[in-house]
Amino acid sequence: MSKIKQLSEQMTNRIAAGEVVERPAGIVKELVENAIDAKSSTISVEYILGGLEKIIVSDNGQGMDETDLRKAFLRHSTSKIEKEADLHAINSLGFRGEALPSIASVSNVVAKSSYNQKSFELHINNGNELSFEPISFGKGTTLEVSQLFYRLPARLKYLKTPQYEASRINSLMNSFALGYPEIAFSVKNENRTILETKGNGKLDEIIFELYGAQAASMTKEFSGESSNFKISGVYVLPHIQRANKYHEYFYLNSRMINYFSMNQVVHDVFHRYMPRDRFPILVLNINSDVQLVDVNVHPSKWQVKISFEKELLELVSKTLNNSLMSEMAPKVMSHQPTQQIIQPTIKPTPTPQPTTKIEPLNLFEQPESEYESSQDKMKVIAQHHGKYILAENEEGLFLFDQHASMERVMYEMFIKKMSEKKFDQQQLLTPLVLKKVPYVENLQDKLLDFGIEVDLLSESELIVRSLPTYLDKVDPYNFINSIFDVLKEDSKASFVSLNDHKIATMACKASIRFNERHTILSLQRIVDDLLVCENPYHCPHGRPTFVRLDPKSLLKEFSR
Ligand SMILES: Nc1ncnc2c1ncn2[C@@H]1O[C@H](COP(=O)(O)OP(=O)(O)O)[C@@H](O)[C@H]1O
Ligand SMILES: [Mg+2]
C-alpha cells in the first residue's frame, strides 16, 4: 500500500502559515503590504492583546469584487504576477499569493471589501468558509483576524507576552510610516492611539512623531547616485544615539528589508562620531532596476539578493561619509548667515609616541621645561573662564572645549591600549595612598587587570605601588575612582572587556572638568594630543571639540 499521500489544501496552508505568519506582527505586515499594493492612501491598524485577540487592518484602496474576494483566499492566487518573467521584475510588495490563505487557515477571518459600489463580506474560520454575503460598506478593504493560532497550541505557546507582541507590531508600523510618508497611517492598541501620520510626504514630521522634537530638528537629508543605484534618505545627527541598530531603516524599491551588510556600512561611518556600541537613527531608500533584485528569498520577504552589491555599499558609505563630514566639521564662528566649513587641514602629522620611555606620571605636575609642544603650528595662548582653551595658528583663533578635547584624547588612548592588550607599568617613587575606597570583591586583582598595583592597608584604604604608563596624562586619583565606578556597576569588568560606552565614561571621568584652571603648558599638551587623534573634531559622545574664528570674519567684525 502506498504510504505517500498528497496533503489537503488546508494542511499546506497551515504549513505555509508557519513561515509567512510567525507572529501577529507578521500578519500585520502582510495585511498592510496588501493595502499598500492596493494603492491605499489611508491605512489603519488596530489590535487587541498584542494582536493575539484581534487584528483589524482597514484601507481605502482599490478593493476586491465578489469573485476576487473569494479567490484571494485560495492558495497561490494573486493579482500581482502572471507569468515567469514577472517573477524577475517584481513591482509589488506581495507576489506569492499565500498570505491570505495562510492567515485564514490559522485564525478566524472576516474580510469586507468594496468594488464598483458593491460590497461583500467573507467569513472563514480555520480554513473553512462559514458565510459569504453582500453588505453595505464604504470604500476599500477591511480584514479582521481573531482567535489567532487557537488550533495550534504549540505555536501559541511560542509567542511572547502581549506587550512584546505589541512592541513588535509598533516597531513594524514605525518602519512602514518612515518608508511611506505619503500614506496616512494610524495604529491603535485597543483604543489607545500609538501612531498617527498625516501622509503629507514629510519625513521629518514622522521623525518628530517617532523620536521627538530634538531629533527632528537634527535631521539631515542625503542623496547619491551610481550607475545602477539611486539612494536618498535622512539621518539624525550623531549627537542623538540609540542603544541598538533597530532605528536604521532600509527600503529597497520601497520594500522594507533587513540588510546586515548595510548595517555594517552605516556603523563604520557613524562610529567615527559616536561610541561603537551606540547607533544612529537613519532612513535609507535604495532604488534600482527591479531586475537587479531578487525578493523571492524567504516567504516573509525580509531578505533580498542584490546584484552589484559592492557598488551599492560603496555608494552608501561615500554618500554618508561626505554628508557627515560636512555636517560634523567644526563650524567657523561668524555673524555671516551661512556657516562655512573648515576642511580638516589642521591635522598635523602624528608625532611618534614613545613606547618604552617612562614619562612623568602626571601632566599637571610636570616641570615646564620638560614638555615642549610638538605642534608649533597651534599655540595655546590662554584659558577662558576655566572652560575653554584659546589657541591660534595662521588659520585663525581656535576655541577648544577643554573637557571634550581631553575626553577624545583619553578615549582614543584607551582604545589603543586595549587593542595592544598589555601595558608597561612603572613603580611610584612615592606611593599614593587612597582613602574611602568602596568595597569591591577581589579589588587587588581587578585593579591589576587595569595595570594598577595596589596593597590594601585596610578595608577602605589602599596604597598604590605602581601605575601603567598609559596613565601619564591622567590624574591617577580621578582615574582610579572612575575604575571604582565601573566596577561598582559591573564587578566583572576588565580592561579589555570594557565596551565603548564604558570607555567613553572612563575617558570622561579621567578628563579635566569644565571649570578647572590649568597652566598653559598642560592645556597645550591636551591640544597637541587632540590634533593627532583619529577624529579630533568630536568627543566620544559626538559633541564638537573646537570651533574656529577665522581672520576674515574678524576683520569684518571690526569693519576693516
Ligand atoms: N487590501 C486589499 N485590497 C485589495 N486587494 C487585496 C487586498 N488584500 C489582498 N488583496 C488581493 O488578494 C490577493 C491575495 O493576497 P495575498 O494572499 O496577500 O497574496 P499576494 O499579496 O502575494 O498577491 C492579492 O493579490 C490581491 O489581489
Ligand atoms: Mg500579500
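The rules we used
Residues numbered from 1 in each chain as written. Chains lettered and ligands numbered in written order. Predicted model: local features only at pLDDT ≥ 70, side-chain atom pairs only at ≥ 80, totals over all residues. Heavy atoms only, no water. Axes fitted to C-alpha atoms, helices over the stretch in contact; angles between N-to-C directions. Helix = DSSP H or I, 4+ residues; strand = E, 2+ residues; numbered from the N terminus. Parallel < 35°, antiparallel > 145°, perpendicular 65-115°, else oblique. Left-handed = near helix turned anticlockwise from the far one by under 90°. Contact = heavy atoms within 4.5 Å. Nonpolar A, V, L, I, M, F, W, Y, C, P; charged D, E, K, R; others polar. Phe/Tyr/Trp six-rings, centres within 6.5 Å; stacked < 30°, edge-to-face > 60°. Lys NZ or Arg CZ within 6 Å of the ring centre and 35° of its normal. Buried < 20%, exposed > 50% of the residue type's maximum accessible area, 1.4 Å probe, protein only. 1 Å grid on protein atoms, 1.4 Å probe; cavity = no way out; pocket = protein on both sides within 12 Å on 5 of 7 lines; lining within 4 Å. Points joined across faces, edges and corners; volume = space filled by probe spheres on them. Salt bridge = Lys/Arg side-chain N within 4 Å of Asp/Glu carboxyl O. Near = heavy atom within 4 Å. Polar contact = N/O pair within 3.5 Å; in protein donor to acceptor, adjacent residues only side chain to side chain. Pairing = 2+ DSSP bridges. Domains from an automatic or database assignment. Buried area = accessible area lost by both parts, 1.4 Å probe.

S.K.: Just to check I follow, could you spell out the packing of helix 10 (residues 260–270) against helix 11 (residues 309–328) for this structure?
M.R.: The description of two packed helices rests on the angle between their axes and on the distance between the axes. The interhelical angle for the contact between helix 10 and helix 11, taken along N-to-C directions, is 25°, at an axis separation of 9 Å. The orientation of helix 10 with respect to helix 11, classified from their angle, is roughly parallel. In the crossing of helix 10 with helix 11, the sense of the turn from one axis to the other is right-handed. The segment helix 10 lies against helix 11, with S261, M262, V265, V266, V269 and F270 engaging E309, L312, L313, V316, S317, L320, N321 and L324. Per-class residue counts for the contact of helix 10 with helix 11 are 10 nonpolar, 3 polar and 1 charged.

S.K.: In this structure, what is going on with the packing of aromatic side chains? I would like to understand it.
M.R.: The geometry of two aromatic rings is summed up by the distance between their centres and the angle between their planes. Counted under the stated rule, the structure contains 10 aromatic pairs. Here the basic side chain of K29 rests over the ring of W302, its NZ or CZ set 4.8 Å away from the ring centre. For K160, the ring lying beneath its charged end belongs to Y164, and the centroid distance is 4.8 Å.

S.K.: Just to check I follow, could you spell out unusual backbone geometry for this structure?
M.R.: Both trends apply: most residues other than glycine have a negative phi, and most peptide bonds are in trans. Although it is not a glycine, K39 sits at a positive phi angle of roughly 60°. Structurally, K39 can be placed in the loop between helix 2 (24–37) and strand 1 (42–48). Using a relative accessible area of 63% as the deciding quantity, one classes K39 as exposed. Positioned with a positive phi, F308 is a non-glycine residue whose angle comes to about 55°.

S.K.: Would you take a moment to explain the layout of surface pockets for this structure?
M.R.: Any empty space left between the atoms is revealed when a probe the size of a water molecule rolls over them. For the second largest pocket, the calculated volume is near 910 Å³. Around the second largest pocket sit 34 residues that line it, and R168, S171, Y246, N258 and W302 are the ones nearest its centre. Where the lining of the second largest pocket is concerned, the elements lending two or more residues are helix 1 (9–20), helix 2, helix 7 (162–179), helix 8 (203–211), strand 11 (248–252), strand 12 (255–257) and helix 10. Element by element, the count of residues in the lining of the second largest pocket is highest for helix 7, at 6 residues. Looking at the lining of the second largest pocket residue by residue, the classes come out as 15 nonpolar, 11 polar and 8 charged.

S.K.: Please clarify how the pattern of salt bridges should be interpreted in this entry.
M.R.: Pairing is possible between side chains that carry opposite charge, provided their charged atoms lie close to one another. All chains considered together, the criterion is met by 15 salt bridges. Between K80 and D37 there is a salt bridge whose closest N-O contact spans 2.9 Å. In this pair, K80 is assigned in the loop between helix 3 (66–71) and helix 4 (84–87) and D37 in helix 2, connecting sequence segments 43 residues apart. Within this structure, R75, R96 and E98 form a network of salt bridges that share partners.

S.K.: Help me understand the site of ligand 1, please; the structure alone is not making it clear to me.
M.R.: Contacts to ligand 1 come from 20 residues, most closely from N34, T78, S79, K80 and G97. Contact distances for ligand 1 include 2.6 Å between an oxygen atom and a side-chain N or O atom of T78. A distance of 2.9 Å is found between an oxygen atom of ligand 1 and a backbone nitrogen or oxygen belonging to F95. For the shell around ligand 1, the element with the most residues is helix 5 (residues 99–105), which contributes 3 residues. When its residues are assigned to classes, the shell around ligand 1 shows 8 nonpolar, 8 polar and 4 charged.

S.K.: Looking at this structure, I do not really get the pairing of strand 7 (residues 184–189). What am I missing?
M.R.: If a strand is regular, its side chains alternate between the two faces of the sheet. Summarising burial for strand 7: 5 of the 6 residues are buried, a large majority. Pairing between strand 1 and strand 7: 6 bridges, direction parallel. Across the sheet, Y47 pairs through a bridge with N189, a residue of strand 7. Across 4 bridges, the pairing between strand 7 and strand 8 (residues 192–196) is antiparallel. Bridging from a neighbouring strand, K188 pairs with T193 of strand 8.

S.K.: Help me out: how do you make sense of the domain arrangement of the chain in this one?
M.R.: Under the domain assignment, the chain is made up of domain 1 (9–201), domain 2 (204–328) and domain 3 (363–551). Residue-level contacts link 30 residues of domain 1 with 20 residues of domain 2. A combined buried area of about 2,300 Å² lies between domain 1 and domain 2, and 59% of that area is made up of carbon and sulfur atoms. Contact with domain 2 buries area across many residues of domain 1, yet K29, R96 and L178 alone supply 26% of it, more than any other trio. Along the contact surface separating domain 1 from domain 2 lie 1 salt bridge. A salt bridge links E205 to K198; the nearest nitrogen and oxygen atoms lie 3.2 Å apart. Connecting domain 1 to domain 2 are 7 residue pairs in polar contact (both at pLDDT 80 or more). Of all the secondary structure elements, the ones that give two or more residues to the side of domain 1 that touches domain 2 are helix 1, helix 2, helix 7 and strand 8. The residue inventory of the side of domain 1 that touches domain 2, partitioned by class, reads 13 nonpolar, 9 polar and 8 charged.

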